[in-house]
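# Structure assessment
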Amino acid sequence: QLQLVESGGGLVQPGGSLRLSCAASGSTEDYYAVGWFRQAPGKEREGVSCIGNSNTSTFYEEPVKGRFTISRDNAKNTVYLHMNSLKPEDTAVYYCAAIMLDSVLTYCAGYTKNQYDFWGKGALVNVSS
């Protein structure tokens, strides 16, 4: 059982940077992967990035590859999404989600949004001049 809270959203100009945080509480002693998703008005929620139980296993969707970096600090039970070179099309509500894993070796790539067990309430990122 996990509770997730996103923070760090806001208004940023194109080309700027922003760091989102996803703080987890509850059963943080169990293995879990974290995914970042985003949803723009009128569009379906889409995957952005995910990370396994450690920083050694990460995945990025093509639109953000090379611009976003996902990481986690297990001591703080927090996952981060550092976003660089932001574009107006990055504007969306960003959600973090967690999926419980059976093994620490399980890689997060391949899990769909419908498979994630717990979700935060979202943080708005508005990229606009």
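For the structure given in this document, a descriptive report is provided here. Every residue gets a number counted from 1 within its own chain, in the order that chain's sequence is written. The predicted nature of this model means local features are confined to residues of pLDDT at least 70 and side-chain atom pairs, given and counted, to a pLDDT of 80 or more, with totals for whole chains, interfaces and linings taken over all residues. In computing side-chain values, all of the structure's heavy atoms are included and hydrogens and water are not.

## Focus: the pairing of strand S4 (residues 32–39)
When you tally the buried positions in S4, you get 7 out of 8 residues, the bulk of the element. Pairing geometry for S4 and strand S5 (residues 46–51), over 5 bridges, is antiparallel. Of the residues in S5, the one forming a bridge with Arg-38 is Glu-46. Being paired, for any two strands, means DSSP has found at least two bridges between them. Numbering goes from the N terminus for both helices and strands, where a helix is a DSSP run of H or I of at least four residues and a strand is a run of E of at least two. Between S4 and S5, which follow one another and run antiparallel, lie 6 residues, and Gly-42 among them has a positive phi close to 80°. When a residue's accessible area, from a 1.4 Å probe over protein chains only, is under 20% of the maximum for its type it is buried; when over 50% it is exposed; and in between it is partly exposed.

## Some words on the packing of aromatic side chains
Two aromatic rings, drawn from Phe, Tyr or Trp (for Trp, its six-membered ring), form a pair once their centres lie within 6.5 Å of each other, and the interplanar angle then sorts them: stacked below 30 degrees, edge-to-face above 60, tilted otherwise. Summed over all chains, the structure comprises 4 aromatic pairs. Considering the side-chain rings of Phe-37 and Tyr-116, the 5.1 Å spacing of their centres and the 80° angle between planes classify their relative orientation as edge-to-face. Here the residue Phe-37 occupies a position in strand S4, and Tyr-116 occupies one in the loop between strand S9 (92–100) and strand S10 (118–119), the gap between them amounting to 79 residues. Overall, Phe-37 belongs to the buried group, its relative accessible area being 5%. Accessibility expressed as a relative area gives 7% for Tyr-116, which makes it buried. An angle of 45° between the planes, with centres 4.9 Å apart, marks the rings of Phe-37 and Trp-119 as tilted. With Phe-37 in strand S4 and Trp-119 in strand S10, the pair connects residues that are 82 residues apart, well separated along the chain. Aromatic ring contacts, followed pair by pair, group Phe-37, Tyr-95, Tyr-116 and Trp-119 into a single cluster. A ring is scored as having a charge over it whenever the NZ atom of a lysine or the CZ atom of an arginine sits within 6 Å of its centre and within 35 degrees of its normal. Positioned above the aromatic ring of Tyr-95 is the side chain of Arg-45, whose terminal nitrogen or guanidinium carbon lies 3.7 Å from the ring centre. Here the guanidinium or amino end of Arg-72 rests over the ring plane of Tyr-32, the centre of that ring lying 4.5 Å away.

## Considering the nonpolar core
Joining through side-chain atoms within 4.5 Å is the link that ties buried Ala, Val, Leu, Ile, Met, Phe, Trp, Tyr and Cys residues into a set, and such a set is a nonpolar core. Counting residues in hydrophobic clusters, the biggest one holds 28 residues, and the most contacted among them are Trp-36, Phe-68, Leu-81, Met-83 and Tyr-94. Mapped by element, the contributors of at least two residues to this core are strand S1 (2–7), strand S3 (18–26), S4, S5, strand S7 (68–73), strand S8 (78–83), S9 and strand S11 (123–127). Whether two residues are in contact is decided by their heavy atoms, any of which lying within 4.5 Å being enough. Once residues lying within four places of it in the same chain are set aside, the contact partners of Leu-81 are Leu-18, Arg-19, Leu-20, Trp-36, Val-48, Ser-49, Phe-68, Thr-69, Ile-70 and Tyr-94. Core analysis: the second largest hydrophobic core is formed by 8 residues, Cys-50, Ala-97, Ile-99 and Cys-108 among them.

These figures capture arrangement, not role.
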